[in-house]
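Architecture and fold: a report
Here is what each chain is made of, one letter per residue.
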Amino acid sequence: MTHSLHRRGSVESLQNDFVVIVRSSIDVNRVGCGPKFQRIRQILHAVGPVNTGLAETGENMAHGLDVNAWLARTSDDTIICSVFSDKDKVRQVLEQIKAEDLGISITVSGVIDEVFGLAKGLGLKPHTVNLSLGVLGKTELLPPEEILDMTTMCGHSLIATELAQKLKAQVAAGKV
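The structure reproduced in this document is the subject of the present report.

The rules behind the values
- Starting from 1, residues in each chain are numbered consecutively following that chain's sequence as written.
- Local features in a predicted model are, by the rule used here, given only for residues with pLDDT of at least 70; side-chain atom pairs are given and counted only at 80 or more, and totals for whole chains, interfaces and linings are based on all residues.
- In computing side-chain values, all of the structure's heavy atoms are included and hydrogens and water are not.
- The secondary structure listing takes helices from DSSP runs of H or I that are at least 4 residues long and strands from runs of E that are at least 2 residues long, numbered from the N terminus.
- For every residue, the accessible area obtained with a 1.4 Å probe (protein chains only) is divided by the maximum for its type, and the residue is called buried under 20%, exposed over 50%, and partly exposed between those limits.
- The contact rule is simple, with two residues in contact once any of their heavy atoms fall within 4.5 Å.
- A 3.5 Å cut-off defines polar contacts: any pair of N or O atoms within that distance qualifies, except that in protein one atom must be a possible hydrogen donor and the other a possible acceptor, and neighbouring residues in sequence count only when both atoms are side-chain atoms.
- Between N-to-C directions, angles cover 0 to 180 degrees, with each direction set by a line fitted to C-alpha atoms, over the stretch in contact for helices.
- The scheme is simple: roughly parallel for angles under 35 degrees, roughly antiparallel for over 145, roughly perpendicular for 65 to 115, oblique for anything else.
- Note on convention: near helix rotated counterclockwise from far helix by under a right angle means a left-handed crossing. Clockwise means right-handed.
- For this classification, the nonpolar set comprises Ala, Val, Leu, Ile, Met, Phe, Trp, Tyr, Cys and Pro, the charged set comprises Asp, Glu, Lys and Arg, and every other residue, Gly included, is treated as polar.
- Only strands joined by at least two bridges in the DSSP assignment are considered to pair.

1. Here we look at the environment of Thr52
Tracing the backbone shows Thr52 in strand β2 (residues 51–54). In this structure Thr52 comes out as buried when scored by relative accessible area, which is 5%. Separated by 40 residues in sequence, Thr52 and Gln92 place their C-alpha atoms 17 Å apart. Setting aside residues no more than four positions away along its own chain, Thr52 makes contact with Glu59, Asn60, Met61, Leu65, Trp70, Cys81 and Ser82. Polar contacts involving the side chain of Thr52 include one to the side chain of Ser82, which spans 2.7 Å.

2. A word on the packing of helix α2 (residues 34–47) against helix α4 (residues 87–100)
Remark: α2 packs on α4, axes separated minimally by 10 Å, with the N-to-C direction vectors making an angle of 150 degrees. Of the possible angle classes, the one that applies to α2 and α4 is roughly antiparallel. Two packed elements cross with a definite hand, and for α2 against α4 that hand is right-handed. Residues Arg39, Ile40, Ile43, Leu44 and Val47 of α2 form the contact with α4, whose participating residues are Lys89, Gln92, Val93, Gln96, Ile97 and Glu100. Residues belonging to the contact of α2 with α4 are distributed by class as follows: six nonpolar, two polar and three charged.

3. Structural notes on the pairing of strand β4 (residues 80–84)
Within β4, four of the five residues are buried, which leaves the element mostly enclosed by the surrounding structure. When strand β1 (residues 18–23) meets β4, the two strands line up antiparallel, connected through five bridges. Following the sheet pairing, Val20 is matched in β4 by Ser82. Pairing of β2 with β4, which is carried by two bridges, proceeds in the antiparallel orientation. By the bridge assignment, Asn51 is partnered in β4 with Val83.

Below is the structure:
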């Protein structure tokens, strides 16, 4: 699963929005891979994501994540999720991870042409593609498109529609 699969917005608004997810497979390479996760975190940190965090605790860079704790806190069942807004940084991350041949699964989520362009430039051949086919059913019950652009930024739908509407109004009124 990617945390940006159902993000909405124009291609232009999403073309610099990349999510890098790193994880092992329980039946293939989980045992003993903690040091590999730590190395990948070092690479990610050196390149500089706009956000990353610890899923176990809910901490992230936007809320004061202790980077040293993040770098040190790895185990065999770690899942890493980092967000980048610069395609060149994603290229650097993939290039370094590829060079180290760590044997860990990497998922890059973003606009398909951008992701495939990155992969091709590095000699990588994606084997799986997830596509969002949109929302089916009573779409008239959905909030307006500009609100969906905000609330779908989190793949778990944790941004409340009412909060997005309230904040949009506050910004428009110059209060925030």
